[in-house]
Each structure stands twice: as structure tokens, then as C-alpha cells.
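Structural features, examined
One letter stands for each residue in the lines below.
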Amino acid sequence: MFIQGILNWLTLASLTFIPHKHEDDNPLKRLGNLTPYHVAPAFHKVEAELPGDCSVDRVMLLHRHGSRGPTGSREMALINSLVQTLRNGHDALQGAYLPENLRFLQTGKGYESHLNSENLTIIGRQQLFDHGVKFGVKYPNFNTETLLSSTVPRVIDSMYFFAQGRFGREVKSKDLLTVDDIPGPVSWITPSNSCPGLDWPYASKAMEQLIPPSITERLNNLLPYGISLTDDNTHGALYACAYDLAARDESPWCDVFYANELADFEYEMDLLMNARFGYLAPNDAGRVMGSVYVKELINRFSNTSGEAQSLYLEFGHDSTIMGAMAAMDLNRDEPPLSSEELHQHRRFRTSYQTPFAAQMIWERFTCKESFDGPQIRLVLNEETYPLWTCAETKHDRRFGTCSLDAFIRANQFSTNIEFGDDTWQAACGAR
């Protein structure tokens, strides 16, 4: 009995969450949801490829738009305020001794920002075109006549450039649609549009004063008398680092900050996304919104309509991906993330899960012997993301997959929600 008990415990222990093989030590791949696209770190002891006797029969892609300029008035205002502060101190900077990583402030007019807000950058276009090519190479036998995006211009542009990479001249025969072309009260790509009660100010409060004033103090000690950066200016410099990378693939500001300071910025971005679309959102709004995508995924892979396609190509936002992952409990942290301390080894990590041009690919597959019945797998940013919430066997754990039936059972939170019901209204109803 004792030995059997140990064996049972070992079986359960093997199904616990398995961390990444390594944490990426490049701080420029750790800028939260403003990170340039990169392949996600692999998970420890999770096979990258399915067994040889398995074949994929249905694919559902949700793609975040590519790298873009700043959104909203706050980000651009912080960068512009930084530029003005430096412009006011231009003369003082010219004769000062500065460390090498700040000498860009003494060249020409100093630092100037020429960012195009909201829109897809040239690097964003390249990301989507390249991903379209790679997708075609990976899934050459899957085709569709329709692509779908949100109504935001940068997302529409992302759909177009992906389609160019995947289909080339054939794109002229494809229907490139937006969610406005699809009937229904709520879109699985933009559920927040149907959530008027979402508490946006709450998210901003959740990350207040997360960047320590000591960073501003350190920078001011390096600058000459006559220039005094504020904490807002420091924030502006951090945003300038991220958005210069998005626009030009380089930024002098990124070399100004220590790795631990960029880690603080990354954590701030994670807290912001978590409080808007994840587990910290009031009334579970993030998970409730994400349930719409999960239900669509289940309906398509179960073919409840009898009209499921073999391929779906859809384009949205980081919020679409994060809401869906939260609804499935795939990146929940215990204890929850908090502004009181930085959780270094956390599951909710936008740098890995929703960088610019993030790719969430769902595969339905069947096997001759390795698995029984339809199975499901998530490939997130080119690495298998283990479906630990529905894994029932060591084989599931080894390949990061689970049966479609187990996946459906594990996601009753989503399947039990209907648009406009009490749960939806509690999270999204007008306040």
C-alpha cells in the first residue's frame, strides 16, 4: 500500500507545471507586451514535435498585430515630455562629461523622437510577412478563402501582410474581412468592445509607482546641472527604448538602463495587462471576455455546427490572447501578481506570450496508436505551450497536449458563460 501510494504521488507530481528550460537573459526580449517578436523559451521536458503517427487535421491561428507605434495619449505624452526636458537642457549637455551610453544626447539636436503613433511599423510589416511565409511552409496543405481581423487599421494591415507572405498573388482571390462583417452580439477577437463596464482606470492604479524613483535619481546623477529628469521622464525613456525598437530595431535608450531596471519595466507591463485582461481584472472580466474565444475554439474543434473549416486565420490583439489564456487558467500565478514585490518566476509573462506579432496556433490532431481520439495542442510563438490544466497522463505531459474531451471538461468556466447572462453582466455590464 505504501509503495502504491508513492507511485500514485509520482504520477500526479509529473503533471505539475513545468517551468521553462531557461529564462531568456537578453533584457531586450523582456519588455512586456512591447517586446519585439521572438521565439518563446521552450518548456522543460516537453517534446517539440508530435509522435510520427499523428497528423494535424484542423488549425486555428490567432495572430497579434506586428510592432506598432505608441497607443493612447499617455505613452506619447511621456516620450514627448522627455524630449522637451532634454531640449530645454541642450546647452548644458553640450559641455558636460557624460558616460558613453549617454553621449547620444550630445550629437546634433540630441535625442529626437519621430514615432508614428498607433500604426504598424515597417518592422511590423516584415514580421507579419515572414510569419505568413513560415506558416505556409509549416502547414502547406491547409488553405482557406477567408481571413478575419479586428477593425483597427494596424490589425487589418497585419492581416494583409501575413496574407501576402502566405498566399502571394493568390491573396487577390481571398476575402479579407473584419469582425464587423461577422454577425453576432460579441466577437471572440474583440470581446472588450462588448464589455462597457470594464474598469480601465483600475489597471492603471494597479501599476502606480512600480518603477522605483531610484532609477530617476541614478540618471540625474549622471546628467549636468540644469537638467532634472522626473519619474515621468524616466518612464518616457523606457517607452522610447521599446518603441524605437519597434520602429527602427535599435534605441540608444535601451543601453541607458540596467537589466534589473528593464525587468521592473517588464513587470509593470505584466501587471497592467493582468489587471486589464487577466486574473487581476475586477469581477473576473478578463477571463469572462476570454471565454468567448475558448467557446469558439471548442465549437470549431468539436465541429458542433457541422461546417468547421480545416484552417482559420484570424488577427487581433494581445488582449485577445491574454484573455483567452486567462479563461483557460493557463498562466495563473499563485500567489497572484502584486505591485508589492516582483515575482521573477511567474507564469503570466507578456514578453513570452504576447510580444508584438505573437502567434497563438491551436492544432487538432489524431494518431494511429500514440493517442486515442481527437487531441489538442497549443503552439505559442513557435514553442509548445503545455495544456497542464487538462493533462491526464504522462504522455499528455510529455507532449504538452490533452484529449479534446479533457480540454472541454477543463474549460467549463467558459462553456457555462453566455453573452448577457448574470456572469457576463457582473463583469461587463455598464456601471
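The structure contained in this document is the topic of the report that follows.

1. Quick notes on the pattern of salt bridges
Working definition: two side chains of opposite charge can pair if their charged atoms are close together. Across all of its chains, the model carries 20 salt bridges by this definition. Residues Arg-87 and Glu-112 are paired through a salt bridge, measuring 3.1 Å at the closest nitrogen-oxygen approach. Placement of the pair is Arg-87 in helix 2 (residues 72-88) and Glu-112 in the loop between helix 3 (90-94) and helix 4 (122-138), with a sequence separation of 25 residues. Taking the relative accessible area as the measure of exposure, Arg-87 reaches 43% and is therefore partly exposed. When its relative accessible area of 23% is taken as the criterion, Glu-112 is described as partly exposed. Among the salt bridges present, the one from Arg-300 reaches Glu-296, with a minimum N-O distance of 3.1 Å. Placement of the pair is Arg-300 and Glu-296 together in helix 10 (residues 285-302), with a separation of four residues, close to one helical turn. Accessibility expressed as a relative area gives 7% for Arg-300, which makes it buried. Residues joined in a network through salt bridges with shared partners are Arg-30, Glu-266, Asp-270, Arg-346 and Arg-349.

2. Re unusual backbone geometry
Backbone geometry follows two general trends: most residues other than glycine have a negative phi, and most peptide bonds adopt the trans configuration. Following Glu-334, the chain continues into Pro-335 via a peptide bond in cis, with omega recorded as 0°. The phi dihedral of Asp-284 falls on the positive side, at around 60°, and the residue is not glycine. Along the chain, the position of Asp-284 falls in the loop between helix 9 (259-277) and helix 10. Positive phi, close to 65°, is recorded for Ala-357, a residue that is not glycine. Along the chain, the position of Ala-357 falls in the loop between helix 12 (350-353) and strand 5 (359-367).

3. Here we look at the nonpolar core
Counting 55 residues, the largest nonpolar core has Tyr-293, Met-360, Trp-362, Leu-387 and Phe-407 as its most contacted members. Elements with a minimum of two residues in this core: strand 1 (54-64), helix 9, helix 10, helix 11 (318-327), strand 5, strand 6 (375-380), helix 14 (404-410) and helix 16 (422-428). Ranked by residues supplied to this core, first place goes to helix 10 with nine residues. One finds Leu-31, Leu-86, Ala-246 and Leu-262 within the second-largest nonpolar core, a separate group that totals 39 residues.

4. A word on empty space enclosed by the protein
Within this structure, the stated rule accounts for two cavities of 30 Å³ or more. In this model, the second largest cavity occupies a volume close to 40 Å³. The wall of the second largest cavity is formed by Leu-86, Leu-102, Leu-105, Leu-219, Leu-223, Leu-229, Trp-253 and Val-256. Across the lining of the second largest cavity, the residue classes break down as eight nonpolar, no polar and no charged.

5. A short note on a nonpolar patch on the surface
Where nonpolar side chains cluster on the molecular surface, the patch consists of Phe-129, Val-133 and Val-137 and spans about 260 Å² of accessible area. Position of Val-133 relative to the elements: it lies in helix 4.

6. Here we look at helix 5 (residues 153-167)
Taking 1.5 Å per residue as the helical rise, helix 5 with its 15 residues ought to reach 21 Å, and the 21 Å between its terminal C-alpha atoms agrees with that figure. Among the structural elements, strand 1, helix 4, strand 2 (146-149), strand 3 (175-178) and strand 4 (311-316) are those in contact with the buried residues of helix 5.

7. Quick notes on the state of the cysteines
Applying the stated rule across the entire model yields four disulfides. Across a sulfur-sulfur distance of 2.1 Å, Cys-241 and Cys-254 are joined as a disulfide pair. Disulfide Cys-241-Cys-254: the torsion about the S-S bond is 100°, which places it as right-handed. Of the two residues, Cys-241 is situated in helix 8 (residues 231-248) and Cys-254 in the loop between helix 8 and helix 9; the sequence distance between them amounts to 13 residues. Just as Cys-241 is buried, Cys-254 falls in that class too. Through a disulfide, Cys-390 is tied to Cys-402; the S-S separation comes to 2.1 Å. Around the S-S axis, the bridge from Cys-390 to Cys-402 shows a dihedral of about -70° and counts as left-handed. One end of the pair, Cys-390, is in the loop between strand 7 (383-384) and helix 13 (394-399); the other, Cys-402, is in strand 8 (residues 402-403), with twelve residues separating them in the sequence. Overall, the relative accessible area of 0% leaves Cys-402 in the buried class. Taking only the cysteines that form disulfides and numbering them from first to last, the protein chain has the pattern 1-5, 2-8, 3-4, 6-7.

Reading the values: the criteria
- Residues numbered from 1 in each chain as written.
- Predicted model: local features only at pLDDT ≥ 70, side-chain atom pairs only at ≥ 80, totals over all residues.
- Heavy atoms only, no water.
- Salt bridge = Lys/Arg side-chain N within 4 Å of Asp/Glu carboxyl O.
- Helix = DSSP H or I, 4+ residues; strand = E, 2+ residues; numbered from the N terminus.
- Buried < 20%, exposed > 50% of the residue type's maximum accessible area, 1.4 Å probe, protein only.
- Core = buried A, V, L, I, M, F, W, Y, C linked by side-chain atoms within 4.5 Å.
- 1 Å grid on protein atoms, 1.4 Å probe; cavity = no way out; pocket = protein on both sides within 12 Å on 5 of 7 lines; lining within 4 Å.
- Points joined across faces, edges and corners; volume = space filled by probe spheres on them.
- Nonpolar A, V, L, I, M, F, W, Y, C, P; charged D, E, K, R; others polar.
- Patch = residues over 30% accessible without salt bridge, like charges linked within 9 Å, V, L, I, M, F, W, Y side chains within 5 Å.
- Areas by Shrake-Rupley, 256 points an atom, 1.4 Å probe, with all protein chains shown as cover.
- Expected span 1.5 Å × (residues − 1).
- Contact = heavy atoms within 4.5 Å.
- Disulfide = S-S within 2.5 Å.

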